[in-house]
Structures are given as C-alpha cells and as structure tokens.
Amino acid sequence: MVTSSVPRLVIAAPSSGSGKTTVATGLMAALAARGLAVSPHKVGPDYIDPGYHALATGRVGRNLDAYLCGPELIGPLFLRGASGCDIAVVEGVMGLYDGAAGEGELASTAHVAKSLRAPVVLVVDASSQSRSVAALVHGFASWDPEVRVGGVILNKVGSDRHEALLREALDSAGVPVLGVLRRVAQVSTPSRHLGLVPVAERRAQAVEAVAAMAEQVRAGCDLEGLVALARGAGALSCAGWDAAEALASSPPPPLPVPSLGAAPPDPRFRPEGSRPQTPDGLTRVALAGGPAFTFSYAEHAELLTAAGAEVVTFDPLRDEQLPDGTRGLVIGGGFPEVYASELSANEPLRKAVAALAGSGAPFAAECAGLLYLCRELDGQPMCGVLDADARMGERLTLGYRDAVAVSDSVLAVAGTRMRGHEFHRTVVEPGAGTAPAWGVRSPERRVEGFVERGVHASYLHTHWASEPGVARRFVERCRTS
C-alpha cells in the first residue's frame, strides 16, 4: 500500500453562490503562477468548473464523486490527478454538508474532505452580515468533528470597516481568516441554463477571467497560510487509480460481444470509409469535442486507451468527416441546443455519423450525444440515427440516478447496475418500438434512453471508473463490428 502526503485543500462554502469557483480557480492559478505544479479537482459530477481549473493549472481537471464512483475510489482518483504535483486544490459542491438527496453525507464536500483527510477552507459570503459570521463559521466548523475547517475566506466584503467587524467577530470562533475579497473586485463569468459557459466556447475571455481571479486571490488571500494549511493534510494510504489496472481487475464481459445488436448492413454505409484497425493494431474510437460537446470525464478516454483503442477527438461543428478508420463513436454531453443550426449545417458529417451507425458500429452517446443522434433538435435536422425528436423544455432535470441496464448493449448486459447523473433542459420524444437503455429510479421508476443496433444513447451521464468493463466491452465490440 502506498502512502501519500501531497499537500491539499478543499475549498467549501455554506451554500452555492458563495464564491467557491472564484476562490478555488483563482487560488489554483495564483499558486501555479508561483511555479507550483497544482492538481485541480472538483467534488461532484460537474463538467464545467474543471475546464476553468485546467485553464488555471495546465493540468486535467478531475472530478471526485462518491456517488457516481463510490467512496472507495475517491482517494485513488485523487492520487491519479495529484501524482507529481506540489499541491492539490479541491473545489467543493453546493454547501459543505450537502450530499446526494436522501443519502446522508454521501457525495458531499464534507464526505470527500474526510475521505482525503484534507483541511477545509470555508468561503463565506459576508455581504449582509457582520457579527453573525462568527456563529455561522462556528456552526460549520463544529457540526462534524471529523471535518477540519482550517480557515475562512470572507467574500464580498464592502469596506475596511466591514472587514474589521468581521475579523473581530471571528476572533472568538477559533478559525483564522485566510483571505478577504472585496465586493467591488468581483470577477464576472457568464452563465446560462446549465451554469457557467464552458471554457471551450469563450477561451480568450476565460483566460482573462482566470487571470482576474488569480489576481484577486493573490491580492486578498494569505497564500503562505493556505499552503501551510495544505501541508498539514493527513497521509493517504492507497494507490493512485490506473486505467490498465482497473481493467485488469474488472470481470470480463459475461456475454459474447459479437452477438450484440446483430443486424444487416445499412445501405447508407460505405465500408471503404473505414478500416478495422490502425496500422499499429489499435482500434480507432472517435470522441466528440469542440464547443458543442465539452462534457467528458478524463478517465473515459484513459480507459478506452487502456482497452486497446486509439482515441481521436473530432469537432462536429467543423469537421466534415469522421477520423479515418473510425470503428466506434463516443459523444458525451455539452450544449448542442446552443449550436443546433451549426451542427445541422454540417450535413457531410451528419451523413457520415448516420452511415457509421447504420453499419452497426458501436456508439456511446450521453445527453448531448443523444440529442445529436435524434432526427431533429428544435426543428433543425440532426443525424437521424434514432427514431426520436428533441426540443428545449420548460424545466431543468437535475439529480443523481440509480440505474440498471434493461437491454443488452455495447456498454453493458441487461442487469448491470450503475449510478449516473442527469442535467438537462431538453425533452426527447421517441418513436415506437426502440429498446430502452436504462431502468431508472429518480425517485419514480421509469425507463430511459435507446439501444438500437450498436447504439447506446441516453440522458444519463455515468463515470466509467465505477465500472471499467464498460470501456473494455465497447472496444471489443469496435474490433468485431
């Protein structure tokens, strides 16, 4: 067993909207500017914040989600990202003690902080309080004795007088003030229906925003004190997660992969457009990227690679053909509704995607990928792979889901249990006769998604580190399709 003592901090808050992202991203960037190798992490399933973290540090932003992956993987996944780094910064989710609904502390920031034996820095929106801040901080610091709140950063402080009142009150709380950010210096980052606008859609502006966050933190926070606190984190006794080792320890597919989804070739498919393998014997898997498809966990590509795939990224907004030799397609989440016109205008690629699906090639599509494979999205023609139409809806669908595969597919056999997350404001209206992908409890029971030929498409976001055999099964099907 490996013991690691990499310095680390968890940036938490009493509630959402307190300034966690500004402080965490700014701290990452400020420490990186000092020459430190900073490992960025995000508690929960969110895909957008890790993009800003990656911009701040130059390293892949990795999620730590005890619901999707299980508590036992929090330490290993953390060490995977923190390997070779001088310090790690973990941005929390919601309020410090807010976890999966009905599951106690599971997947909360506090739960992850305890799993990592990491001190917590509490970011408090102090804009409408003075002496009461001491009661708030005392309550959060004493609620769970296993959670070590090692400092507080006061956000949205109005004046020198306001700061003095806050500091005086906190003297009695026993939690040091490690930073004060003024209200007039707040950094604005644009949001829309699913949160912040991803980095890939506004890279130049995002670079400026991250630089401004770094300057705000550098000017208002005690960086030496924060680093000293991080160095006081407890040792972790576990090995870092490794994709190849995860695959080796996962059970093999229980059913013969080549038998799945057998169907006659679609006449639209042009076999000369693909070849079974790359010259070096790898199986090429195309991964959708670009501004419309920004949601993907880094571990998915790593697992596919460990299973023998060559993962090649393409941009459905700009590339008119799939990467040469593509044998399978992975389309994650994102914002196709924002780019529906541009996606629709790329007719050559839509036809290429439809042709590959018609051949029976494996497809794994989540949320945005599901929408892209529909006949149309808000009246704009999409790929037409699925007998379904998609449109923007009136309400946000958000939350963790317990799911069981109800159809054999390129990802899983019927009966496979996984946990996932839904996060969308669209509605898909399916045609008749398509097999569903998942049975979901949310809390009502329903079926969801599509399994057809080699296509597995669903609103459900899953984290394959929890079930590595998914990647191996997918690549095996790519080899034999």
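Residues numbered from 1 in each chain as written. Predicted model: local features only at pLDDT ≥ 70, side-chain atom pairs only at ≥ 80, totals over all residues. Heavy atoms only, no water.

S.K.: So what exactly am I meant to see when it comes to the pattern of salt bridges here?
M.R.: As a working rule, side chains carrying opposite charge can pair if their charged atoms are close by. Taken as a whole, this structure holds 25 salt bridges when the rule is applied. We note a salt bridge from Arg218 to Glu215, for which the minimum N-O separation is 2.6 Å. With Arg218 and Glu215 both in helix α7 (residues 203–220) and three residues apart, the pair spans about one turn of that helix. Overall, the relative accessible area of 40% leaves Glu215 in the partly exposed class. Through salt bridges with shared partners, a single ionic network connects Arg62, Arg80, Glu299 and Glu302. (Salt bridge = Lys/Arg side-chain N within 4 Å of Asp/Glu carboxyl O. Helix = DSSP H or I, 4+ residues; strand = E, 2+ residues; numbered from the N terminus. Buried < 20%, exposed > 50% of the residue type's maximum accessible area, 1.4 Å probe, protein only.)

S.K.: Got a minute to help me understand the state of the cysteines in this structure?
M.R.: Covalent bonding between the sulfur atoms of two cysteines defines a disulfide. Considering all chains together, one arrives at zero disulfides under this definition. Not engaged in a disulfide, the cysteine Cys238 finds its nearest cysteine sulfur in Cys69; these two sulfurs lie 14 Å apart. Judged by relative accessible area, Cys238 falls into the buried class, the value being 14%. (Disulfide = S-S within 2.5 Å.)

S.K.: Is there a simple way to explain the pairing of strand β21 (residues 445–448) in this structure?
M.R.: Regular strands show a simple pattern: their side chains alternate between the two faces of the sheet. Bridge count for strand β20 (residues 438–441) against β21 is four bridges, and the pairing is antiparallel. In the strand pairing of β21, Gly439 is matched with Val447. Turn length for the β20-β21 hairpin, with the two strands adjacent in sequence and antiparallel, is three residues. (Pairing = 2+ DSSP bridges.)

S.K.: Just to check I follow, could you spell out unusual backbone geometry for this structure?
M.R.: Generally, phi is negative for residues other than glycine and the peptide bonds are trans, each holding for most cases. Of note, the phi angle at Lys156 is positive, near 60°, even though the residue is not glycine. Here Lys156 shows up in strand β7 (residues 149–157). The exposure class assigned to Lys156 is partly exposed, which follows from its relative accessible area of 24%. Notably, Asp378 is not glycine yet its phi reads approximately 50°, a positive angle. As for its placement among the helices and strands, Asp378 is situated in the loop between β16 (376–377) and β17 (380–381).

S.K.: Where do I start with the sheet that holds strand β2 (residues 8–12) in this structure?
M.R.: The strands that make up a sheet are held in pairs by hydrogen bonds between backbone atoms, and each pair lies either parallel or antiparallel. In space, the seven strands of this open sheet follow the order β4-β3-β5-β2-β6-β7-β8, with parallel pairing throughout. In this open sheet, the two edge strands, each paired with only one partner strand, are β4 (62–64) and β8 (177–182). Each neighbouring strand pair of the sheet contributes to a mean axis angle of 25°, computed without reference to strand direction. Contacts from helix α4 (residues 109–116) reach β2, β3 (38–43), β4, β5 (87–91) and β6 (120–125) within the one sheet, and its direction differs from that of β2 by about 170°. (Axes fitted to C-alpha atoms, helices over the stretch in contact; angles between N-to-C directions. Contact = heavy atoms within 4.5 Å.)

S.K.: Any chance you could explain the pairing of β3 here in plain terms?
M.R.: Burial of β3 is extensive: six of the six residues sit out of reach of the surface. Where burial is concerned, the two faces of β3 agree: the one with Val38, Pro40 and Lys42 and the one with Ser39, His41 and Val43 are both buried. Pairing between β3 and β5: five bridges, direction parallel. The partner of Val38 across the bridge, within β5, is Ile87. In this sheet, β4 lies alongside β3 in parallel orientation, the contact comprising three bridges. Within the sheet, the bridge partner assigned to Val43 lies in β4 and is Leu64.

S.K.: Would you take a moment to explain the environment of Arg445 for this structure?
M.R.: Along the chain, Arg445 falls in strand β21. A C-alpha to C-alpha distance of 35 Å links Arg445 and Ser341, two positions 104 residues apart in sequence.

S.K.: Would you mind going over the confidence of the model for the protein chain with me for this structure?
M.R.: When pLDDT is low, close inspection of the predicted coordinates is not appropriate. Looking at the protein chain as a whole, its pLDDT mean stands at 91, while 91% of the residues score no less than 70. Contacts from residues 255–275, a stretch scored under 50 in pLDDT, to residues over four places away or in other chains number 37 contacts. (pLDDT = per-residue confidence, 0-100.)

S.K.: Just to check I follow, could you spell out helix α14 (residues 469–480) for this structure?
M.R.: Helical geometry: 3.6 residues make up each α-helical turn, so side chains three or four residues apart lie on a common side. When the terminal C-alpha atoms of α14 are compared, their 17 Å separation across 12 residues agrees well with the 16 Å that a helix rising 1.5 Å per residue should span. Within α14, nine of the 12 residues are buried, which leaves the element mostly enclosed by the surrounding structure. The complete set of buried residues in α14 reads Gly469, Val470, Ala471, Arg472, Arg473, Phe474, Val475, Arg477 and Cys478. (Expected span 1.5 Å × (residues − 1).)

S.K.: Could you clarify how one ought to interpret the environment of Ala30 in this entry?
M.R.: Position of Ala30 among the secondary structure elements: in helix α1 (residues 20–33). Through-space distance from the C-alpha of Ala30 to that of Gly281 is 43 Å; in sequence the pair is 251 residues apart. Setting aside residues no more than four positions away along its own chain, Ala30 makes contact with Ala214 and Leu223.

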